[in-house]
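Overview (structure and organization)
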Amino acid sequence: MISSLFSSLDLNSDRTMKLFDTIPVGISITLDKTCRKIKYNKKAAEFLRIQPWKVFLDSGLNNSPLKMYHEGKELSPEEIPVQRAVWKGETVKNLEIDFVWEDGTRKTAIWNSNPLLDGEGVIIGAISAFDDITGRKRIENELRIVNNNLAASQEIAHSGSFSWDLENNRMVWSDEFYRILGLTPGQIQPSFDAFINMIHLEDREKAARDILRFASKGKKARDEFRIVRSDDAVKFIEVIGKAARGGEKPALIIGMVRDITRHKHAEEMLMETRDYLENLIGYANAPIIVWDTSFKITIFSHAFERLTGYTEGEVLGLPLEILFPENSKRESLNHIRQTSSGERWEAVEIPILGADGSIHIVLWNSANVYNRDKTGIIATIAQGQDITLRKEVEEAVYANRTLLFNIIDGTSDLVGVKNLEGRMVLANRALAKITDKPFNEIIGYDISEYFGYEAGQLNRENDLEVTTSGKSGIFEETIPAKDGDRIFLANKFPYRNKSGEIIGVIGILRDITERKKAEVALKESEERYRSLAKKLQEVDLRQSEERFCKAFYSSPAMMYIQNLDGRFIEINDKFTEVTGYSRDEIIGRNSLELNAYIDPAQRVEAFQRINGSGRLQNFEIKVRAKNGKILSLVTSAEIVQLNDERVILYHQFDITERKQMEEKLRQSEERFFKAFNSSPVMMNIRTLNGNCVDINNTSMANLGYSKEELIDTTYEEHHVYGSSGPPPELIKSMDEKKPINNLEVKFYTKQGKQRTGLLSTEFIELNGEMCILIITNDITELRQFEKEMSRLDRLKLVGEMAGGIAHEIRNPMMVVRGYLEYIGNKKEFEKYADRFELMISELDRANSIITEYLTLARSRAYDAEPENLNVLINDLIYLIETDAIKEDKYINMELEEVPDMLLEKNDIKQMILNLIRNGLEAMAPGGYLTVRTFVEGKEVVLAVSDQGKGIPPEHLDKMGIPFFTTKDYGTGLGLAMCYKIATRHNAKISIETSPEGTTFFVKFDISGAPVS
């Protein structure tokens, strides 16, 4: 019927067109089976951007101004809804088509199409209706983007959202809400019951009660509780809800859910951390103390209680000064006050006074505690390390090291340590003496070159065998000497660093030239014996045996004979001398019966070697002498024929002393590494590329870095020497391998603080690689002191003026003295003679003080002439020894050859007398005072050493200051005069002191610069 209706319509009449224009959707009609002529109503024309009822040739899409797409695929003519209805008779329903014009315009419409039939059911055309959904699609896309952004923001923030329609009891959860609950989006139907069932059983009743109360009253609510997710994980969530009212009661609740598990765990960790910190401070091994801005104690750890003997309750709220000894309280309080300005302590030594009066030296580090906005300090916390014992150990280490060097230097055996390049790094005087080189030149010398080619090559091969195998060895080496070649028994063993790596060879050489001569003589005697025995086997066997016996008994080596069962047949005199056993105690017994071997396994191994090869060569054993002393012996043995019987002939050499020396050297190496790490001077070892190999504790404490931060790093990485890098002198030293001595440098701590130090270097062999040992002495405080001294130099003019005044005082004083002496000689004043003598002696004493003061104050140039320091000392020897004899003390002179210098001899004699008399006065009767002269580098050194009690540390800085004295009747001008004389001669005075005595060193420039 519809088909016939459309077939009867005149599509060209205005009436028909107006009818279709009233339809609110787009209409496309065609009665042309070719679909070339399709007409559109007004709504469709607007969509297609054509005039109403204009014929639009849709069948030829190739020439069309637009293209049509469905689900991203371009439609062919056969797939267009109108054509499908006309050509295929299909009915098309709700087909979404995108239209794209050449100018980029895009529209979307929903199409429906039906074929038009005549009365007989034949297709005569088609009609299509479509609805423009472009605006709706745009809104849907924008809404989708908003929803996606919302979902993404919730996922990033890990916060979900929900809505709850209370009237219809319907809930909606966001995807992130599902994920917080451990579910995939849409996994379950959202509901109040489903949510309540996921709440932890212990929190469920309260949570349900709070939620229902909120739903009934509608106030904004916030709550926290636990949930149990589907994977059994327990999480903390925070729910925030707000109600929208629909009348008097809430109709809709919207809210947000946030996973606060990490926040909760952080709160728990914060509480645990707070408890941990309290326990850490209270029970830390290191003493910890905290004081407020008024310098009163607020925290006092248990370690501090153990250190001082005070309890926390006794000191809380009290001022810090109760912890400091009186003699250092002022300086300690100055350190404390500096922390209030933001300064931090880094390895500051402060003495602490205990409750029992004991004093502990403590090394302190501090940090300031600031308020929340970092604008002010509210407290200071300090941590200490008791180094009292370490200070004592450092002194003991120094004494032990000195003792060890004296032992090594005093032995007659040659002792030397070589690096892997074969150069000496340590040697005793005996080794230096045999090379005829000065002792100070033997270090760094390749001694193999002195041996000659063949002997030197053998020496290097022996060293290589020890370093390659990692085991000690005994070798015979020949060294040329003035009186001919000398043969030495060299015991060599690996020289290892603290990591166990071989870095060189230690050798102890004993002169066995005479012994070897005896052995050669013995060997020659044996050969003669065998030759003669062979010729006279049947003639004079007895005489040959006598010769063998004489060589056997007179041998300087221990010799003995055992049968193949190990029982002694004969021993020589040397064996008896070394072991202490007589022949009767030895013959017929074996070593097991004598309990001779310290390690019985050595006896078994020795017999196995002898039985295997028929001989034993340089086998080292330890045996027990008769008196129990442990002996180290080197044994050689061979099976020989004696009186038709196979026996074992042994040769042994006593190497006990050498073994003891090896142990002492090993201990010396251990002490070196201990001294390195405990040294109060900053020390580090670097490769020539600048990489840090090792660093001692003082460096780490002064710089503020840990060892892990510095190892395998360069100076530039931490800007130790600032942004400009290491000083050029240090780089040049590393390139040219030349040491530096006391180069003043600036360096920086981890906190960026600038310090001043004196840098010295030495080159050492470490693990087969040449390294540089860098020693830095922090002189920051010294430089500050020197600045203060420069200010005091301005008082020089005042001193010179005082000298003029002293002259004016002395002149009238001499007149008074002469008049007193004149009057005192008169007869009428004889009864007052003692009083006149007292007044004259006091005037003489005052005159001597003025004389010394004038000498100290004068600055005029003196006439210097070439003089020898030893000659000037010898001129005073009688006077010096007279002073010593009066006080029952002794003078020891050790004057080495020194060059002449430009000296003012009267001044120098005065300085020598003052130093020697000070030393004599510092000693008790019976003490020795040593006066030495020697050349050290480019300086001539005068050293005066006493055996007194040493100078207290608090007095060292005051040495040489005029009028400072520790003597009851001293003026304090004698030592000040010495410093003045040294300065005029461009010399320097330094002091070394300990409880065992004090040494004053006066070092003159060897160039002999004139006095000033």
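Above this text is the structure in question.
The rules behind the values
- Residues numbered from 1 in each chain as written.
- Predicted model: local features only at pLDDT ≥ 70, side-chain atom pairs only at ≥ 80, totals over all residues.
- Heavy atoms only, no water.
- Helix = DSSP H or I, 4+ residues; strand = E, 2+ residues; numbered from the N terminus.
- Buried < 20%, exposed > 50% of the residue type's maximum accessible area, 1.4 Å probe, protein only.
- Contact = heavy atoms within 4.5 Å.
- Areas by Shrake-Rupley, 256 points an atom, 1.4 Å probe, with all protein chains shown as cover.
- Pairing = 2+ DSSP bridges.
- Salt bridge = Lys/Arg side-chain N within 4 Å of Asp/Glu carboxyl O.
- Phe/Tyr/Trp six-rings, centres within 6.5 Å; stacked < 30°, edge-to-face > 60°.
- Lys NZ or Arg CZ within 6 Å of the ring centre and 35° of its normal.
- Core = buried A, V, L, I, M, F, W, Y, C linked by side-chain atoms within 4.5 Å.
- Axes fitted to C-alpha atoms, helices over the stretch in contact; angles between N-to-C directions.

A few points about the overall build of the protein chain
Across its full length, the protein chain carries 35 helices and 39 strands. Residues classed as buried in the protein chain amount to 42% of the 1012 residues present. Taking the contacts inside the protein chain whose residues are at least 6 apart along the sequence as the reference set, 49% of them involve residues at least 24 apart. On the protein chain, roughly 57,400 Å² of surface is accessible, and the fraction owed to carbon and sulfur atoms is 52%.

Some points on unusual backbone geometry
Phi angles above zero are rare outside glycine, and Glu71 is one such case at about 55°. Within the secondary structure layout, Glu71 lies in the loop between strand 3 (66–70) and strand 4 (73–74). What makes Glu71 exposed here is its relative accessible area of 72%. Despite not being glycine, Asp712 shows a phi value in the positive range, around 65°. Inspection of the secondary structure assignment puts Asp712 in the loop between helix 25 (707–710) and helix 26 (715–718). With a relative accessible area of 61%, Asp712 lands in the exposed category.

Some words on the pairing of strand 27 (residues 645–654)
Regular strands place side chains that alternate from one sheet face to the opposite one. In this sheet, strand 27 lies alongside strand 23 (residues 558–563) in antiparallel orientation, the contact comprising six bridges. Of the residues in strand 27, the one forming a bridge with Tyr560 is Tyr650. Here strand 26 (residues 630–642) runs beside strand 27; their pairing, made up of 10 bridges, is antiparallel. Paired with Ala637 across the bridge in strand 27 is Tyr650. If you look at the hairpin formed by strand 26 and strand 27, you'll find two residues sitting between the two strands, and Asn643 has a positive phi there, around 55°.

Description of the pattern of salt bridges
Two side chains with opposite charge may pair up if their charged atoms get near one another. Under the definition given, this model contains 30 salt bridges. In this structure, Asp103 and Arg49 form a salt bridge, with 2.8 Å as the shortest nitrogen-oxygen distance. Note that Asp103 is positioned in the loop between strand 5 (92–101) and strand 6 (106–117) and Arg49 in the loop between helix 3 (42–48) and strand 3, a separation of 54 residues in sequence. Of the residues examined, Arg49 reaches a relative accessible area of 42% and is grouped as partly exposed. Ionic pairing is found between Lys67 and Glu74, a salt bridge with its closest N-O pair at 3.6 Å. Relative accessible area serves as the criterion here: at 40%, Lys67 is assigned to the partly exposed category. Through salt bridges with shared partners, a single network forms among Lys418, Asp463, Glu477 and Lys492.

Quick look at the packing of aromatic side chains
To describe a pair of aromatic rings, one takes the distance between the centres and the angle between the planes. All chains considered together, the criterion is met by 19 aromatic pairs. For the ring pair Trp173 and Phe177, a centre distance of 4.9 Å and an interplane angle of 20° mean the geometry is stacked. Residue Trp173 shares its accessibility class with Phe177, and that shared class is buried. Considering the side-chain rings of Tyr560 and Phe568, the 5.2 Å spacing of their centres and the 50° angle between planes classify their relative orientation as tilted. Judged by relative accessible area, Phe568 falls into the buried class, the value being 7%. By way of ring pairs, the aromatic residues Phe162, Trp173, Phe177, Tyr178, Phe195 and Phe225 are connected into one cluster. In this structure, Arg49 packs its charged tip against the face of Trp101, placed 5.2 Å from the ring centre. Against the face of Phe47 rests Lys107, its NZ or CZ located 5.4 Å from the ring centre.

Thoughts on the nonpolar core
Core analysis: the largest hydrophobic core is formed by 34 residues, its most contacted members being Leu869, Ile908, Met911 and Phe1004. Those elements that place two or more of their residues in this core are helix 31 (869–875), helix 32 (877–886), strand 35 (901–903), helix 33 (905–922), strand 36 (928–936), strand 37 (939–945), helix 35 (974–984) and strand 39 (997–1005). Considering each element in turn, this core owes the most residues, seven residues, to helix 33. Apart from the residues within four sequence positions on either side, Ile908 is in contact with Leu869, Leu872, Leu903, Ile981, His985 and Phe1004. In this structure, Trp173, Ile180, Phe195 and Met198 belong to the second largest nonpolar core, which totals 27 residues.

Here we look at the sheet that holds strand 26
Strand order in the open sheet made by the five strands is 24-23-27-26-25, with antiparallel pairing throughout. With one partner strand each, in any of the chains shown, strand 24 (568–571) and strand 25 (615–624) form the two edges of the open sheet. Within this sheet the neighbouring strands show an average axis-to-axis angle of 30°, counted without direction. In the sheet, strand 23 pairs with strand 24 via three bridges, with the strands oriented antiparallel. Along strand 24, the bridge assignment pairs Ile561 with Glu570.

Such coordinate-based values are descriptive only and should not be taken to indicate function.
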